Amino acid sequence: MRFEFATATRIIFGAGAVREIGRMAKQFGERALIVSGRDLSRAQPLGALLREQGLETTGFSVTGEPEIATVQRGVALARQVRCDLVIGFGGGSALDAGKAIAAMLTNEGELMEYLEVIGHSKALSRPSAPFIAIPTTAGTGTEVTRNAVLASPQHRVKVSLRSAFLLPKIAVVDPELTCDLPPSLTASTGLDALTQLIEPYVGLKANPMTDAVCVEGLRRVAHSFRVAFERGPQAASAREDMAVASLFGGLALANAGLGVVHGFAGPIGGMFPAPHGAVCAALLPHGMAANLAALRQRGGSAQAVNRFDEVARLLTGRATATADEGVEWVRALVADLKIPPLRAYGVTRDHTAELVQKAAKASSTKANPISLAPDELARVLESAL
(Lines give C-alpha, C1' and ligand atoms only; values in the text may rest on other atoms or scores of the structure.)
Protein backbone atom coordinates (compact mmCIF):
# COMPACT_ATOMS: atom_id res chain seq x y z
CA MET A 1 0.00 0.00 0.00
CA ARG A 2 1.33 3.43 -0.95
CA PHE A 3 -0.47 6.76 -0.98
CA GLU A 4 -0.01 10.47 -0.35
CA PHE A 5 -2.37 12.89 1.34
CA ALA A 6 -1.75 16.59 0.81
CA THR A 7 -4.02 19.49 1.66
CA ALA A 8 -4.13 23.11 2.80
CA THR A 9 -1.71 24.00 5.59
CA ARG A 10 -4.65 24.79 7.89
CA ILE A 11 -8.37 24.08 7.58
CA ILE A 12 -10.68 26.09 9.82
CA PHE A 13 -14.31 25.00 9.80
CA GLY A 14 -17.29 26.41 11.63
CA ALA A 15 -20.17 28.84 11.64
CA GLY A 16 -18.81 32.36 11.97
CA ALA A 17 -15.21 31.31 11.28
CA VAL A 18 -14.82 34.00 8.61
CA ARG A 19 -15.07 36.68 11.27
CA GLU A 20 -11.55 35.70 12.38
CA ILE A 21 -10.08 36.39 8.94
CA GLY A 22 -8.33 39.65 9.84
CA ARG A 23 -6.21 38.09 12.55
CA MET A 24 -5.39 35.12 10.29
CA ALA A 25 -4.50 37.18 7.23
CA LYS A 26 -2.21 39.76 8.79
CA GLN A 27 0.49 37.15 9.45
CA PHE A 28 0.91 36.72 5.67
CA GLY A 29 0.97 40.25 4.29
CA GLU A 30 -0.10 43.86 4.34
CA ARG A 31 -1.91 44.32 1.03
CA ALA A 32 -4.54 41.76 0.03
CA LEU A 33 -6.09 41.15 -3.36
CA ILE A 34 -9.64 39.88 -2.74
CA VAL A 35 -10.72 37.70 -5.67
CA SER A 36 -14.48 37.27 -5.65
CA GLY A 37 -17.37 36.64 -8.01
CA ARG A 38 -19.39 38.94 -10.22
CA ASP A 39 -20.81 41.02 -7.35
CA LEU A 40 -17.89 42.65 -5.53
CA SER A 41 -20.27 44.06 -2.90
CA ARG A 42 -20.62 40.56 -1.39
CA ALA A 43 -16.99 40.77 -0.32
CA GLN A 44 -17.33 44.18 1.36
CA PRO A 45 -17.80 42.75 4.89
CA LEU A 46 -14.67 40.65 4.34
CA GLY A 47 -12.73 43.72 3.28
CA ALA A 48 -13.89 45.57 6.38
CA LEU A 49 -12.64 42.75 8.63
CA LEU A 50 -9.24 42.90 6.96
CA ARG A 51 -8.98 46.68 7.20
CA GLU A 52 -9.79 46.51 10.93
CA GLN A 53 -6.48 44.67 11.29
CA GLY A 54 -4.58 47.26 9.27
CA LEU A 55 -4.50 45.47 5.89
CA GLU A 56 -5.01 47.33 2.63
CA THR A 57 -7.44 45.65 0.21
CA THR A 58 -8.10 45.67 -3.52
CA GLY A 59 -11.03 43.83 -5.09
CA PHE A 60 -10.93 41.78 -8.29
CA SER A 61 -14.10 40.37 -9.83
CA VAL A 62 -14.29 37.06 -11.70
CA THR A 63 -17.34 36.98 -13.92
CA GLY A 64 -18.21 33.45 -14.95
CA GLU A 65 -15.72 30.63 -15.38
CA PRO A 66 -12.11 31.90 -14.98
CA GLU A 67 -10.20 32.15 -18.22
CA ILE A 68 -6.48 32.47 -18.84
CA ALA A 69 -7.02 36.16 -19.60
CA THR A 70 -8.84 36.56 -16.26
CA VAL A 71 -5.77 35.38 -14.38
CA GLN A 72 -3.48 37.60 -16.42
CA ARG A 73 -5.61 40.66 -15.55
CA GLY A 74 -5.63 39.69 -11.89
CA VAL A 75 -1.85 39.31 -11.79
CA ALA A 76 -1.37 42.69 -13.47
CA LEU A 77 -3.67 44.38 -10.93
CA ALA A 78 -2.00 42.68 -7.96
CA ARG A 79 1.42 43.78 -9.15
CA GLN A 80 0.22 47.32 -9.82
CA VAL A 81 -1.03 47.79 -6.24
CA ARG A 82 1.82 45.67 -4.77
CA CYS A 83 -0.33 42.95 -3.20
CA ASP A 84 1.57 40.39 -1.13
CA LEU A 85 -1.45 38.25 -0.21
CA VAL A 86 -4.35 36.81 -2.23
CA ILE A 87 -7.72 35.85 -0.76
CA GLY A 88 -10.27 33.91 -2.80
CA PHE A 89 -13.86 34.53 -1.66
CA GLY A 90 -16.68 32.89 -3.58
CA GLY A 91 -17.45 29.75 -5.54
CA GLY A 92 -15.01 27.53 -7.37
CA SER A 93 -14.38 30.09 -10.10
CA ALA A 94 -13.19 32.79 -7.70
CA LEU A 95 -11.06 30.34 -5.73
CA ASP A 96 -9.46 28.80 -8.82
CA ALA A 97 -8.69 32.24 -10.22
CA GLY A 98 -7.22 33.30 -6.87
CA LYS A 99 -4.96 30.26 -6.68
CA ALA A 100 -3.66 30.87 -10.19
CA ILE A 101 -3.09 34.58 -9.55
CA ALA A 102 -1.16 33.81 -6.37
CA ALA A 103 1.02 31.32 -8.27
CA MET A 104 1.82 33.66 -11.13
CA LEU A 105 2.66 36.53 -8.79
CA THR A 106 5.83 34.72 -7.79
CA ASN A 107 6.69 32.63 -10.86
CA GLU A 108 8.31 34.04 -13.97
CA GLY A 109 7.15 33.59 -17.55
CA GLU A 110 3.74 33.21 -19.12
CA LEU A 111 0.85 31.29 -17.60
CA MET A 112 0.56 29.15 -20.74
CA GLU A 113 3.95 27.59 -20.04
CA TYR A 114 2.62 26.00 -16.86
CA LEU A 115 -0.76 24.73 -18.10
CA GLU A 116 -1.55 21.09 -18.81
CA VAL A 117 -2.78 19.87 -22.22
CA ILE A 118 -2.54 23.16 -24.12
CA GLY A 119 0.69 24.37 -22.50
CA HIS A 120 4.04 22.87 -21.63
CA SER A 121 3.10 21.55 -18.15
CA LYS A 122 6.17 23.32 -16.80
CA ALA A 123 6.52 22.91 -13.04
CA LEU A 124 6.16 25.99 -10.87
CA SER A 125 9.60 26.72 -9.43
CA ARG A 126 8.62 29.02 -6.57
CA PRO A 127 5.95 28.89 -3.86
CA SER A 128 2.85 30.93 -4.61
CA ALA A 129 2.15 34.19 -2.85
CA PRO A 130 0.24 33.37 0.36
CA PHE A 131 -3.32 32.35 -0.56
CA ILE A 132 -6.36 32.04 1.70
CA ALA A 133 -9.47 30.28 0.37
CA ILE A 134 -12.96 31.11 1.64
CA PRO A 135 -15.69 29.18 -0.22
CA THR A 136 -19.24 30.58 -0.31
CA THR A 137 -20.77 27.54 -2.01
CA ALA A 138 -20.86 23.91 -0.93
CA GLY A 139 -19.68 21.98 -3.93
CA THR A 140 -16.27 22.37 -5.50
CA GLY A 141 -13.93 21.63 -2.60
CA THR A 142 -11.28 23.65 -4.41
CA GLU A 143 -10.25 25.25 -1.12
CA VAL A 144 -8.20 22.11 -0.44
CA THR A 145 -7.02 21.06 -3.90
CA ARG A 146 -3.66 21.55 -5.61
CA ASN A 147 -4.97 22.69 -9.00
CA ALA A 148 -6.80 25.62 -10.57
CA VAL A 149 -9.15 24.91 -13.48
CA LEU A 150 -9.03 27.57 -16.20
CA ALA A 151 -10.90 27.92 -19.47
CA SER A 152 -9.22 28.64 -22.80
CA PRO A 153 -11.89 29.85 -25.25
CA GLN A 154 -9.30 29.76 -28.01
CA HIS A 155 -8.81 26.00 -27.52
CA ARG A 156 -12.42 25.33 -26.42
CA VAL A 157 -11.24 23.42 -23.38
CA LYS A 158 -10.71 23.69 -19.63
CA VAL A 159 -7.26 22.83 -18.33
CA SER A 160 -5.46 22.80 -15.01
CA LEU A 161 -2.59 24.68 -13.50
CA ARG A 162 -1.36 22.02 -11.09
CA SER A 163 1.20 22.15 -8.30
CA ALA A 164 1.48 21.49 -4.58
CA PHE A 165 2.34 25.19 -4.36
CA LEU A 166 -1.34 25.95 -5.12
CA LEU A 167 -2.52 24.47 -1.83
CA PRO A 168 -3.83 27.37 0.29
CA LYS A 169 -2.13 28.51 3.46
CA ILE A 170 -5.55 28.54 5.12
CA ALA A 171 -8.95 27.24 4.05
CA VAL A 172 -11.74 28.92 6.00
CA VAL A 173 -14.99 26.98 5.56
CA ASP A 174 -17.87 28.88 7.15
CA PRO A 175 -21.24 27.21 6.40
CA GLU A 176 -23.06 30.45 7.23
CA LEU A 177 -21.72 31.85 3.94
CA THR A 178 -23.75 29.25 2.00
CA CYS A 179 -27.12 29.88 3.65
CA ASP A 180 -28.34 32.37 1.06
CA LEU A 181 -27.60 30.17 -1.96
CA PRO A 182 -30.67 29.87 -4.22
CA PRO A 183 -32.14 26.38 -4.73
CA SER A 184 -30.69 25.97 -8.23
CA LEU A 185 -27.15 26.72 -7.05
CA THR A 186 -27.62 24.58 -3.94
CA ALA A 187 -28.60 21.72 -6.26
CA SER A 188 -25.80 22.00 -8.82
CA THR A 189 -23.00 22.62 -6.33
CA GLY A 190 -24.28 19.92 -4.00
CA LEU A 191 -24.34 17.38 -6.81
CA ASP A 192 -20.79 18.38 -7.69
CA ALA A 193 -19.86 17.58 -4.09
CA LEU A 194 -21.69 14.24 -4.31
CA THR A 195 -19.83 13.39 -7.52
CA GLN A 196 -16.53 14.24 -5.85
CA LEU A 197 -17.32 11.83 -3.04
CA ILE A 198 -18.47 8.95 -5.23
CA GLU A 199 -15.78 9.05 -7.94
CA PRO A 200 -12.75 8.97 -5.59
CA TYR A 201 -14.39 6.23 -3.49
CA VAL A 202 -15.00 3.84 -6.39
CA GLY A 203 -11.91 4.82 -8.41
CA LEU A 204 -8.55 3.19 -8.94
CA LYS A 205 -6.64 5.52 -6.62
CA ALA A 206 -8.81 5.17 -3.53
CA ASN A 207 -6.88 4.84 -0.28
CA PRO A 208 -7.81 4.43 3.39
CA MET A 209 -7.64 8.15 4.16
CA THR A 210 -9.81 9.22 1.24
CA ASP A 211 -12.19 6.32 1.95
CA ALA A 212 -12.78 7.71 5.43
CA VAL A 213 -13.72 11.20 4.27
CA CYS A 214 -15.81 9.87 1.38
CA VAL A 215 -17.88 7.63 3.64
CA GLU A 216 -18.53 10.42 6.13
CA GLY A 217 -19.29 12.88 3.35
CA LEU A 218 -21.76 10.53 1.67
CA ARG A 219 -23.60 10.00 4.96
CA ARG A 220 -24.01 13.75 5.38
CA VAL A 221 -25.20 14.26 1.80
CA ALA A 222 -27.79 11.51 2.20
CA HIS A 223 -29.06 13.05 5.43
CA SER A 224 -29.03 16.73 4.54
CA PHE A 225 -28.97 17.49 0.80
CA ARG A 226 -32.72 17.56 0.23
CA VAL A 227 -33.25 19.53 3.44
CA ALA A 228 -30.73 22.18 2.37
CA PHE A 229 -32.39 22.40 -1.05
CA GLU A 230 -35.94 22.63 0.27
CA ARG A 231 -35.49 24.81 3.36
CA GLY A 232 -32.69 27.11 2.24
CA PRO A 233 -31.65 29.67 4.90
CA GLN A 234 -33.71 27.88 7.55
CA ALA A 235 -31.62 24.73 7.28
CA ALA A 236 -28.47 25.72 9.19
CA SER A 237 -27.62 22.17 10.26
CA ALA A 238 -28.13 20.80 6.75
CA ARG A 239 -26.00 23.59 5.30
CA GLU A 240 -23.26 22.66 7.73
CA ASP A 241 -23.44 19.02 6.61
CA MET A 242 -23.20 20.02 2.95
CA ALA A 243 -20.21 22.28 3.67
CA VAL A 244 -18.48 19.34 5.36
CA ALA A 245 -19.36 17.09 2.40
CA SER A 246 -17.96 19.63 -0.06
CA LEU A 247 -14.74 19.98 1.93
CA PHE A 248 -14.37 16.21 2.15
CA GLY A 249 -14.99 15.86 -1.59
CA GLY A 250 -12.13 18.27 -2.21
CA LEU A 251 -9.85 16.31 0.10
CA ALA A 252 -10.79 13.09 -1.68
CA LEU A 253 -10.39 14.25 -5.27
CA ALA A 254 -7.07 15.95 -4.53
CA ASN A 255 -5.64 12.69 -3.23
CA ALA A 256 -7.49 9.92 -5.09
CA GLY A 257 -8.54 11.43 -8.41
CA LEU A 258 -11.95 11.41 -10.06
CA GLY A 259 -13.56 9.52 -12.95
CA VAL A 260 -15.55 9.57 -16.15
CA VAL A 261 -18.06 12.21 -15.02
CA HIS A 262 -15.32 14.77 -14.53
CA GLY A 263 -13.59 13.43 -17.61
CA PHE A 264 -16.54 14.73 -19.60
CA ALA A 265 -17.21 17.80 -17.45
CA GLY A 266 -13.92 19.49 -18.33
CA PRO A 267 -14.33 19.33 -22.12
CA ILE A 268 -18.03 20.22 -21.97
CA GLY A 269 -17.27 23.23 -19.78
CA GLY A 270 -14.64 24.37 -22.24
CA MET A 271 -16.94 24.07 -25.26
CA PHE A 272 -20.26 25.26 -23.87
CA PRO A 273 -21.51 27.91 -21.40
CA ALA A 274 -22.40 25.23 -18.87
CA PRO A 275 -21.81 25.48 -15.09
CA HIS A 276 -19.47 22.75 -13.90
CA GLY A 277 -21.73 21.50 -11.14
CA ALA A 278 -24.76 21.24 -13.40
CA VAL A 279 -22.76 19.25 -15.96
CA CYS A 280 -21.56 16.80 -13.31
CA ALA A 281 -25.10 16.47 -12.01
CA ALA A 282 -26.52 15.65 -15.43
CA LEU A 283 -23.84 13.03 -16.07
CA LEU A 284 -23.53 11.39 -12.65
CA PRO A 285 -26.20 8.62 -12.73
CA HIS A 286 -25.24 7.68 -16.28
CA GLY A 287 -21.54 7.50 -15.44
CA MET A 288 -22.28 5.30 -12.44
CA ALA A 289 -24.50 2.98 -14.52
CA ALA A 290 -21.91 2.68 -17.30
CA ASN A 291 -19.14 1.80 -14.86
CA LEU A 292 -21.26 -0.85 -13.19
CA ALA A 293 -22.26 -2.41 -16.52
CA ALA A 294 -18.65 -2.50 -17.73
CA LEU A 295 -17.37 -4.00 -14.48
CA ARG A 296 -19.97 -6.75 -14.64
CA GLN A 297 -19.64 -7.48 -18.36
CA ARG A 298 -15.84 -7.61 -18.41
CA GLY A 299 -15.28 -9.30 -15.11
CA GLY A 300 -14.06 -6.30 -13.15
CA SER A 301 -12.91 -6.81 -9.60
CA ALA A 302 -15.53 -7.78 -7.06
CA GLN A 303 -14.13 -5.08 -4.79
CA ALA A 304 -14.99 -2.40 -7.34
CA VAL A 305 -18.61 -3.53 -7.56
CA ASN A 306 -18.74 -3.84 -3.78
CA ARG A 307 -17.78 -0.19 -3.49
CA PHE A 308 -20.81 0.77 -5.57
CA ASP A 309 -22.90 -1.39 -3.22
CA GLU A 310 -21.48 0.52 -0.27
CA VAL A 311 -22.30 3.85 -1.92
CA ALA A 312 -25.89 2.63 -2.27
CA ARG A 313 -26.04 1.62 1.39
CA LEU A 314 -24.72 4.99 2.50
CA LEU A 315 -27.10 6.98 0.30
CA THR A 316 -30.26 4.98 0.91
CA GLY A 317 -29.61 4.17 4.56
CA ARG A 318 -30.52 0.53 3.94
CA ALA A 319 -28.06 -2.22 4.80
CA THR A 320 -29.34 -4.42 1.95
CA ALA A 321 -29.21 -1.79 -0.81
CA THR A 322 -27.52 -2.80 -4.06
CA ALA A 323 -25.38 -0.82 -6.46
CA ASP A 324 -28.27 -0.49 -8.91
CA GLU A 325 -30.44 0.97 -6.19
CA GLY A 326 -27.72 3.51 -5.52
CA VAL A 327 -27.79 4.57 -9.16
CA GLU A 328 -31.58 4.94 -8.99
CA TRP A 329 -31.27 7.00 -5.79
CA VAL A 330 -28.95 9.42 -7.58
CA ARG A 331 -31.16 9.43 -10.69
CA ALA A 332 -34.22 10.34 -8.61
CA LEU A 333 -32.30 13.07 -6.76
CA VAL A 334 -31.16 14.65 -10.04
CA ALA A 335 -34.77 14.63 -11.30
CA ASP A 336 -36.23 16.02 -8.06
CA LEU A 337 -33.69 18.84 -7.97
CA LYS A 338 -34.68 19.78 -11.54
CA ILE A 339 -31.21 19.47 -13.03
CA PRO A 340 -31.44 20.31 -16.76
CA PRO A 341 -30.11 17.84 -19.34
CA LEU A 342 -26.97 18.71 -21.27
CA ARG A 343 -28.98 19.72 -24.33
CA ALA A 344 -30.06 22.79 -22.35
CA TYR A 345 -26.52 24.10 -22.85
CA GLY A 346 -26.33 23.30 -26.55
CA VAL A 347 -24.75 19.84 -26.39
CA THR A 348 -26.09 17.52 -29.12
CA ARG A 349 -25.26 14.13 -30.59
CA ASP A 350 -23.24 15.96 -33.22
CA HIS A 351 -20.69 16.71 -30.49
CA THR A 352 -20.40 13.11 -29.31
CA ALA A 353 -17.28 12.10 -31.22
CA GLU A 354 -15.27 15.17 -30.19
CA LEU A 355 -16.34 14.99 -26.55
CA VAL A 356 -15.69 11.26 -26.29
CA GLN A 357 -12.19 11.75 -27.69
CA LYS A 358 -11.46 14.53 -25.19
CA ALA A 359 -12.97 12.66 -22.24
CA ALA A 360 -10.91 9.57 -23.00
CA LYS A 361 -7.72 11.65 -22.77
CA ALA A 362 -8.75 13.69 -19.72
CA SER A 363 -6.64 13.32 -16.59
CA SER A 364 -9.78 12.73 -14.50
CA THR A 365 -10.71 9.66 -16.54
CA LYS A 366 -7.43 7.93 -15.64
CA ALA A 367 -8.74 7.15 -12.14
CA ASN A 368 -12.04 5.66 -13.37
CA PRO A 369 -12.58 2.15 -11.91
CA ILE A 370 -12.49 0.59 -15.38
CA SER A 371 -11.41 1.78 -18.83
CA LEU A 372 -14.55 2.55 -20.83
CA ALA A 373 -14.59 1.95 -24.57
CA PRO A 374 -15.55 4.77 -26.95
CA ASP A 375 -19.06 3.38 -27.46
CA GLU A 376 -19.56 3.17 -23.69
CA LEU A 377 -18.38 6.75 -23.25
CA ALA A 378 -20.75 7.81 -26.02
CA ARG A 379 -23.69 6.20 -24.21
CA VAL A 380 -22.83 8.06 -21.01
CA LEU A 381 -22.88 11.37 -22.85
CA GLU A 382 -25.95 10.73 -24.96
CA SER A 383 -27.94 9.43 -21.99
CA ALA A 384 -27.39 12.81 -20.32
CA LEU A 385 -28.68 14.81 -23.28
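Residues numbered from 1 in each chain as written. Predicted model: local features only at pLDDT ≥ 70, side-chain atom pairs only at ≥ 80, totals over all residues. Heavy atoms only, no water.

Draft legend 1. Molecular detail of the pattern of salt bridges. Under the definition given, this model contains 24 salt bridges. Its salt-bridge partner being R19, residue E176 comes within 3.5 Å of it at the nearest N-O pair. Of the two residues, E176 is situated in the loop between strand 8 (170-173) and helix 5 (183-202) and R19 in the loop between strand 1 (10-13) and helix 1 (21-25); the sequence distance between them amounts to 157 residues. Using a relative accessible area of 40% as the deciding quantity, one classes E176 as partly exposed. According to the relative accessible area criterion, R19 is exposed, its value standing at 54%. The salt bridge involving R220 is made with E216; its shortest N-O contact spans 2.9 Å. Taken together, the positions of R220 and E216, both in helix 6 (residues 208-231) and 4 residues apart, correspond to about one turn of that helix. R220 sits in the partly exposed class, given a relative accessible area of 25%. A single network of salt bridges, built from pairs that share partners, joins E216, R219, R220 and D241. (Salt bridge = Lys/Arg side-chain N within 4 Å of Asp/Glu carboxyl O. Helix = DSSP H or I, 4+ residues; strand = E, 2+ residues; numbered from the N terminus. Buried < 20%, exposed > 50% of the residue type's maximum accessible area, 1.4 Å probe, protein only.)

Draft legend 2. Looking closely at the packing of aromatic side chains. Within this structure, the stated rule accounts for 0 aromatic pairs. Above the ring of Y201, the side-chain terminus of R307 is found at 4.7 Å from the ring centroid. (Phe/Tyr/Trp six-rings, centres within 6.5 Å; stacked < 30°, edge-to-face > 60°. Lys NZ or Arg CZ within 6 Å of the ring centre and 35° of its normal.)

Draft legend 3. Quick look at the pairing of strand 5 (residues 131-135). For strand 5, a buried count of 5 out of 5 residues is recorded, marking the element as mostly surrounded by other parts of the structure. By the alternation rule, side chains of strand 5 split into F131, A133 and P135 and I132 and I134, which are all buried. Bridging between strand 4 (residues 85-90) and strand 5 involves 5 bridges; their strand directions are parallel. For F89, the partnering residue across the bridge sits in strand 5 and is I134. One crossover worth recording links strand 4 to the parallel strand 5 by way of helix 4 (residues 92-106), and it is right-handed. By the bridge criterion, 2 bridges tie strand 5 to strand 8 in an arrangement that is parallel. Directly across from A133, in strand 8, lies its bridge partner A171. (Pairing = 2+ DSSP bridges. Right-handed = clockwise from strand over helix to strand, strands pointing away.)

Draft legend 4. Focus on helix 9 (residues 276-297). The first and last C-alpha atoms of helix 9 sit 31 Å apart over 22 residues, in line with the 32 Å expected at 1.5 Å per residue. L283 marks where helix 9 bends most, by close to 40 degrees; the proline P285 follows one to four residues later. Judged by how many residues are buried, helix 9 sits mostly within the fold: 17 of 22 residues are covered. Phi for G299, located one or two positions after helix 9, is positive at around 70 degrees. (Expected span 1.5 Å × (residues − 1). Bend = angle between axes of the 7 residues up to and from the residue.)

Draft legend 5. Structural detail: helix 7 (residues 236-256). Given a rise of 1.5 Å per residue, 21 residues ought to cover 30 Å, and the 30 Å separating the end C-alpha atoms of helix 7 matches this to within 8%. In terms of residue burial, helix 7 counts as a mostly covered element, since 18 of its 21 residues are buried. In the stretch just after helix 7, G257 is the one whose phi turns positive, near 75 degrees.

Draft legend 6. View of the pairing of strand 4. Here strand 4 lies mainly inside the structure; 6 of its 6 residues are buried. Pairing of strand 2 (residues 31-36) with strand 4, which is carried by 5 bridges, proceeds in the parallel orientation. Bridge pairing links A32 to L85 in strand 4.

Draft legend 7. Spotlight on the nonpolar core. Counting 78 residues, the largest nonpolar core has L194, I198, F264, I268 and L342 as the members making the most contacts within it. Counting residues per element, this core draws most heavily on helix 9, at 12 residues. In this structure, L342 is in contact with I268, V279, A282, L283, V347, L381, A384 and L385, ignoring residues within four places of it in sequence. Counting residues in hydrophobic clusters, the runner-up holds 33 residues, among them L33, I68, A97 and V157. (Core = buried A, V, L, I, M, F, W, Y, C linked by side-chain atoms within 4.5 Å. Contact = heavy atoms within 4.5 Å.)

Draft legend 8. Local environment of the packing of helix 8 (residues 260-271) against helix 13 (residues 374-383). Relative orientation of the contacting elements helix 8 and helix 13 amounts to 70 degrees, with a least axis distance of 11 Å. If you check the angle between helix 8 and helix 13, you find them roughly perpendicular. For the pair helix 8 and helix 13, the sense of crossing is right-handed. Residues V260, F264 and I268 of helix 8 form the contact with helix 13, whose participating residues are L377, V380 and L381. Classifying every residue of the contact of helix 8 with helix 13 gives 6 nonpolar, no polar and no charged. (Axes fitted to C-alpha atoms, helices over the stretch in contact; angles between N-to-C directions. Parallel < 35°, antiparallel > 145°, perpendicular 65-115°, else oblique. Left-handed = near helix turned anticlockwise from the far one by under 90°. Nonpolar A, V, L, I, M, F, W, Y, C, P; charged D, E, K, R; others polar.)

Draft legend 9. Here's a closer look at the sheet that holds strand 1. The 6 strands are arranged 1-8-5-4-2-3 in an open sheet whose pairing can be described as parallel. Two strands lie at the open edges of the sheet, namely strand 1 and strand 3 (56-61), each paired on one side alone. With strand direction ignored, the average angle separating the axes of adjacent strands in the sheet is 15 degrees. Its contacts with the sheet place helix 4 against strand 2, strand 3, strand 4 and strand 5, and it is angled at close to 170 degrees to strand 4. Contacting strand 1 and strand 8, helix 7 crosses the sheet at an angle of about 165 degrees to strand 1.

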